[in-house]
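Here is how the chains run, residue by residue.
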Amino acid sequence: MPVMSQSSPCLWTLLPQSSRSPCDRFKHACCSFDGYVYILGGRDNSCLRDFWRYSVVCNEWTELNCTGEAAPEELEEHSMVAHEGSLYVFGGMLDSAYTKWRCPLWVFDIAKQKWVHCQGKMSSPQTHMPTNRKGHSAVVVGSAMLVYGGFVDMKGSSQDFWSLDFDTMAWSLLNGSQQGSLGPGPRHSHSAMAYQSCMYLFGGLKGLREQRDFWKWNSTSHMWSSLKNKSGPSRLMGHSAVAYKDSMLLFGGGESQNSPKNCLWRYSFSTQTWAQVATLPGSNAPDKMHHCCAGLGPSYKSSSCSSPCSSSGLQPKLLEGRIRPFKNKCFPAPLTFLGSEGAIELETFSPDRCYGSKTLTQSSDLLSSKDTQRIGNCLTFENKAFRKQYSDEDLLDEEDRDVNQHLPDLLLVLGGRPCTRHSPISMWQMTLTDS
């Protein structure tokens, strides 16, 4: 079996944020949907209750409403996933005497821009549902949200494995929740992501001990299987994982609360091998744990469902022969700001006019990179470049509003420890050179 030792290197770029942005934080939740990144709660020096939306195209933050009966309270170590136009937030409440009597689930309607009562979506009253927890994982597989583990007050690490059916809003316990059954066992502060019809879980804490085991849940057979991890990451907690093409990217975390790392790993589902991703000269990844990652662009799409639904990415529509306004291109260039003469610069080529302009003919042939370079302006691969030429309204015409299919592939790392108090949120962008 070939070893994935020749994984393409990556470029890390710090994205400074304006004062009109969330404060720096950790143990928050985020997910991407339709070209936006949503971020909720977390901690700085106290537990937060704010809710923000980030436009990747405009490099702008908008604070959203997080008040009212249907909205969540202050949350930390919670989860948030997107499915068919709604955001589903679970767990993370500060424990109190009445916490155990509530189901910690909240739903945000993206189109209406408001929090809605999840009870109104239920087909029948629920008596069998999970209690509050922190440090669990939540992923979308098909039309269900799978929630694993978490730290439950007074009980410690849990191995509960719950499924929420989005169609009926009914909860059910899955295999592996029973003590002594095959599976990861009690776990919190781990990572989980979805690929095709499976969920992949790595590391985390089992009680007070860090783990480096790697598990696969098959939603068709409803069975767990342990995957080999001899050449993979070390023991980790507080890390994150997303789907990228036919692989999983795993970033950050640490062996203890005080030892964040900046390693980026790539696991190939086809070859079932791990490789550590090298960083281009002069480009340094941040040491982070309890951060959030959001993948944007076609390569970060979720292959587990047929609609934009996963925190690990978005599902693009077919281009149908149309021009992509943003086209990735890598080539050697002298970059003094990277401190290396042989570094690789990632550049974006955009048409002189915005997409859908009458000056661009609707052709069934995509432009080659040469043509794109000839008619386009050369922009460095930074979010601020998008804002100079595009806005959310004029980027696409009325017939094609799917922003994601035109975005370049990029991974955003938001917040995390170490955390800088009274500062805008830490944001890093990672781009693989095989994008």
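Before reading on, note that the structure itself is shown above.
In short, a report on the structure. (Residues numbered from 1 in each chain as written. Predicted model: local features only at pLDDT ≥ 70, side-chain atom pairs only at ≥ 80, totals over all residues. Heavy atoms only, no water.)

On to the overall build of the chain, then. Helices and strands together make up the secondary structure of the chain, namely two helices and 29 strands. For the chain, the residues scored as buried account for 58% of the 435 residues in total. Within the structure as shown, the chain displays about 18,600 Å² of accessible surface, and the carbon and sulfur contribution to it stands at 49%. (Helix = DSSP H or I, 4+ residues; strand = E, 2+ residues; numbered from the N terminus. Buried < 20%, exposed > 50% of the residue type's maximum accessible area, 1.4 Å probe, protein only. Areas by Shrake-Rupley, 256 points an atom, 1.4 Å probe, with all protein chains shown as cover.)

Let us now look at the sheet that holds strand β29 (residues 427-432). A sheet is described by the order of its strands in space; here four strands give the open sequence β1-β29-β28-β24, paired in antiparallel fashion. Of all the strands in the sheet, just β1 (10-14) and β24 (292-296) have a single pairing partner and so form its edges. Averaged over all adjacent pairs, the angle separating strand axes in this sheet is 20 degrees, with direction ignored. Pairing between β1 and β29: five bridges, direction antiparallel. When the bridges of β29 are listed, Cys-10 appears paired with Leu-432. (Pairing = 2+ DSSP bridges. Axes fitted to C-alpha atoms, helices over the stretch in contact; angles between N-to-C directions.)

For the rest of this paragraph, the subject is the sheet that holds strand β19 (residues 223-227). Within the open sheet, the four strands sit side by side as β16-β17-β18-β19. Their pairing is antiparallel. Because the sheet does not close on itself, it has two edges, and the strands there are β16 (191-195) and β19. Going from strand to strand, the sheet's axes swing by 25 degrees on average, the running direction of each strand aside. Of the strand pairs in this sheet, strand β17 (residues 198-206) and strand β18 (residues 209-218) are connected by eight bridges, and their pairing is antiparallel. For Lys-206, the partnering residue across the bridge sits in β18 and is Arg-209.

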